[in-house]
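# An overview of the molecular structure
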Amino acid sequence: MSSSSQPATEPNDELETAVDQAISACGGDMRATIRALIVANEYLETEVGELMKAVSHAYARGRFHSYSG
């Protein structure tokens, strides 16, 4: 194969390491890895939603002020 068929950019080593660690944490089971990542993502989405509500309420009550530069 010629070098022109290779991707132009190098893979992100940190991302690849994180992928390997996630797979390893699930005993090499890809389905378990994907399931764990989906559960973690749903948890984080819930947390972000709760934080957005809290900040929104605080902003509406005048506890936060807009950044004016």
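Read on for a plain summary of the structure. A quick note: this is a predicted structure, and the numbers were derived from the prediction, not measured.

### Re the overall build of the protein
In terms of helices and strands, the protein carries two helices and zero strands. For the protein, buried positions account for 6% of its 69 residues. Only carbon and sulfur atoms are counted for the fraction: they give 57% of the accessible area of the protein, which is about 6400 Å².

### Quick notes on the side chain of threonine 33
Following the sequence through the fold, threonine 33 ends up in helix α2 (residues 30-60). With residues near it in sequence (within four places) discarded, threonine 33 still touches Ala22, Ile23 and Cys26.

### Quick notes on α2
Between the first and last C-alpha of α2 there are 45 Å, a value that for 31 residues agrees with the 45 Å anticipated at 1.5 Å per step. Turning to α2, its buried residues number three or more, namely Ala32, Thr33 and Ala58.

### Things to note about the pattern of salt bridges
This structure, assessed with the given rule, holds one salt bridge. In this structure, glutamate 50 engages lysine 53 in a salt bridge whose closest nitrogen and oxygen atoms are separated by 3.6 Å. Of the two residues, glutamate 50 and lysine 53 both sit in helix α2, three residues apart, roughly one turn of that helix.

### Details of helix α1 (residues 13-25)
Over its 13 residues, α1 runs 18 Å from end to end, which matches the ideal 18 Å to within 8%, given 1.5 Å per residue. N-capping of α1 is provided by asparagine 12, with a side-chain oxygen placed 3.0 Å from the backbone N of glutamate 14. Phi turns positive, to about 65°, at glycine 27, one or two residues after α1.

How each quantity is defined
Just so you know, the residues in each chain are numbered from 1, in the order the chain's sequence is written. A pLDDT threshold of at least 70 governs which residues receive local features in this predicted model, and a stricter bar of 80 or more applies before side-chain atom pairs are shown or counted, although totals over entire chains, interfaces and linings include all residues. Computation of side-chain values covers all heavy atoms of the structure but excludes hydrogens and water. Secondary structure elements are taken from DSSP: a helix is a run of H or I of four residues or more, a strand is a run of E of two residues or more, and numbering for both begins at the N terminus. Using a 1.4 Å probe on the protein chains alone, a residue whose accessible area is under 20% of its type maximum counts as buried, one over 50% counts as exposed, and one in between counts as partly exposed. Here the open area of atoms and residues is found with the Shrake-Rupley method and a 1.4 Å probe, where only the protein chains shown may cover a residue. Contacts are residue-level and defined by heavy atoms, with any inter-residue pair within 4.5 Å sufficient. Here, expected helix span is obtained from the residue count minus one, scaled by 1.5 Å. When a carboxyl oxygen of Asp or Glu lies within 4 Å of a side-chain nitrogen of Lys or Arg, that pair is called a salt bridge. By the criterion applied in these results, polar contacts are pairs of N or O atoms within 3.5 Å in which, for protein atoms, one can donate a hydrogen and the other can accept it, and in which residues neighboring in sequence qualify only through two side-chain atoms.

In short, geometric facts, not functional conclusions.
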